[in-house]
Amino acid sequence: MGKTAFIFPGQGAQKAGMGKDFYEKYDTAKDVFDSAGEWLDLDMKALCFEENDRLDLTEYTQAALVTTCLAMEKVVEEMGLHPDVTAGLSLGEYCAIEAAGGMELKDAVTTVRKRGILMEQAVPAGKGSMAAVMGMETEKIEEVLADIADVSIANYNCPGQIVITGLAEADAVEEAAAKLKEAGARRTIMLNVSGPFHSAMLATAGKELGKVLEGVTLHELKIPYVTNVTAEYVEDPAETKALLEKQISSSVRWQQSVENMIRQGVDTFVEIGPGRTLAGFMRKIDRNVKVYNIQTVEDAEKVCQELV
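Rules used in this analysis
Residues numbered from 1 in each chain as written. Predicted model: local features only at pLDDT ≥ 70, side-chain atom pairs only at ≥ 80, totals over all residues. Heavy atoms only, no water. Helix = DSSP H or I, 4+ residues; strand = E, 2+ residues; numbered from the N terminus. Rg over C-alpha atoms; globule rule 2.2 N^0.38 Å. Buried < 20%, exposed > 50% of the residue type's maximum accessible area, 1.4 Å probe, protein only. Contact = heavy atoms within 4.5 Å. Phe/Tyr/Trp six-rings, centres within 6.5 Å; stacked < 30°, edge-to-face > 60°. Pairing = 2+ DSSP bridges. Axes fitted to C-alpha atoms, helices over the stretch in contact; angles between N-to-C directions. Salt bridge = Lys/Arg side-chain N within 4 Å of Asp/Glu carboxyl O. Expected span 1.5 Å × (residues − 1).

**Some details on the overall build of the chain**
Okay, so step 1: Helices and strands together make up the secondary structure of the chain, namely 13 helices and ten strands.
Okay, so step 2: A compact globule built from 308 residues would reach a C-alpha radius of gyration of about 19 Å, and the chain, at 19 Å, matches this within 12%.
Okay, so step 3: Projected onto its principal axes, the C-alpha coordinates of the chain cover approximately 55 × 45 × 40 Å.
Okay, so step 4: Here the chain holds 308 residues, and 56% of them are scored as buried.
Okay, so step 5: Taking contacts inside the chain between residues at least 6 apart in sequence as the whole, the part at least 24 apart equals 73%.

Below is the structure:
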């Protein structure tokens, strides 16, 4: 019998209204939203459920998205569906660790709130940028970037979709995007982001996050999770803090993470959270595995009815 992975989206998946139906129908989800709001002294319901200008600001986005995804995840487990392994894209890794038993809900929510603030402060607005590169082999992208200073790969999302990151001054990322287009990329898209995430420019934020993590107690994992940094299974919580500190400035090896889970026997992936980003990546990574997406109560009930 195959194994099941719960996978969690990263920043960019957030949208107004996310999780509202879970809050209204399940006390488990209500408790998560209400508790997160108390811990952070934020109106989490207004932030997640109503149209507002703060939801897309990194310092608020990260806590809102983790709260929403974990509220959904706890309802799914309450329905009887349990994972054999977890993984999350960038920010989503905190959900993966909490769902694997390695971190308390309160620590996950409060840590990502501080993480978002540190990332906002690390690089002044306009100093960094990112771009998506479509339809080009990874090796060729790496080859082109080797000759461009201050630009690197942020995300290995799936075949044909890589995200690059780096210094915006001197138009380094735009220059890299232009050179990649010349070298054969089907398309390049400058991304509307507030900083050069997953680049060396965030290393200082990583060190500050390390100090925050010193105050977090980690627990023995009930199941393994997969780290973005190496795409390997983590079974020893002693590794987690160093990995999370490094993750902020390291490439997100999402494609490699998924491929590793498939090699380890995972044949069913359940994306939990707003949007269908990870399900879209899955179709390009391996069409032979089953992929489910849970972003509404109706989705959760339907998926659990089929899989439990």
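**Quick look at the packing of aromatic side chains**
Okay, so step 1: In this structure the tally under the stated criterion is three aromatic pairs.
Okay, so step 2: When the centroid spacing of 5.9 Å and the interplanar angle of 75° are considered together, the rings of Tyr-23 and Phe-33 count as edge-to-face. Remark: Phe-33 occurs in helix 2 (residues 27–40) and Tyr-23 occurs in helix 1 (residues 20–25); sequence separation between them is ten residues. In terms of burial, Tyr-23 and Phe-33 fall into one category: buried.
Okay, so step 3: Note on Tyr-23 and Phe-49: the rings are 5.5 Å apart at their centroids and 65° apart in plane angle, and the pair reads as edge-to-face. Here the residue Tyr-23 occupies a position in helix 1, and Phe-49 occupies one in helix 3 (residues 44–49), the gap between them amounting to 26 residues.

**A few points about the sheet that holds strand 10 (residues 290–294)**
Okay, so step 1: If you walk across this open sheet you meet the six strands as 8-7-2-1-9-10, and the pairing is mixed. Of all the strands in the sheet, the pair left with one neighbour each is strand 8 (233–234) and strand 10.
Okay, so step 2: Summarising the sheet, strand 9 (residues 266–272) and strand 10 pair through five bridges and their orientation is parallel. The partner of Phe-269 across the bridge, within strand 10, is Val-291.
Okay, so step 3: Set on the sheet, helix 4 (residues 58–78) makes contact with strand 1 (3–8), strand 9 and strand 10; between it and strand 1 the angle comes to about 155°.
Okay, so step 4: Sitting on the sheet, helix 12 (residues 277–285) is in contact with strand 1, strand 9 and strand 10, with an inclination near 155° to strand 9.

**Considering the side chain of Glu-98**
Okay, so step 1: Inspection of the secondary structure assignment puts Glu-98 in helix 5 (residues 92–99).
Okay, so step 2: A relative accessible area of 9% places Glu-98 in the buried class.
Okay, so step 3: Ignoring sequence-local partners within four residues, the contact set of Glu-98 consists of Leu-70, Lys-74, Met-103, Glu-104, Leu-105 and Ala-108.

**Re the pattern of salt bridges**
Okay, so step 1: In total, this model carries eight salt bridges according to the counting rule given.
Okay, so step 2: Residue Lys-74 is joined to Glu-98 by a salt bridge in which the shortest nitrogen-to-oxygen separation is 2.9 Å. With Lys-74 in helix 4 and Glu-98 in helix 5, the pair connects residues that are 24 residues apart, well separated along the chain.
Okay, so step 3: Across the pair Glu-175 and Lys-179 runs a salt bridge, and its minimum N-O distance is 3.1 Å.

**Quick word on helix 6 (residues 105–122)**
Okay, so step 1: A rise of 1.5 Å per residue sets the reference length of helix 6, with its 18 residues, at 26 Å; its end C-alpha atoms lie 26 Å apart and thus fit the reference within 8%.
Okay, so step 2: Those residues of helix 6 that fall on the buried side of the exposure criterion are Leu-105, Asp-107, Ala-108, Val-109, Thr-110, Thr-111, Val-112, Arg-113, Arg-115, Gly-116, Leu-118 and Met-119.
Okay, so step 3: Tucked inside the fold, the buried residues of helix 6 contact helix 2, helix 4, helix 5, helix 9 (203–214) and helix 10 (240–247).

**Quick word on the pairing of strand 1**
Okay, so step 1: The element strand 1 is extensively covered by neighbouring structure, given that five of its six residues are classed as buried.
Okay, so step 2: Across five bridges, the pairing between strand 1 and strand 9 is parallel. Counterpart to Ile-7 in the pairing with strand 9 is Glu-271.
Okay, so step 3: Pairing geometry for strand 1 and strand 2 (residues 85–88), over four bridges, is parallel. Following the sheet pairing, Ile-7 is matched in strand 2 by Ala-87.

Without other data, these values stay purely geometric and don't point to any function.
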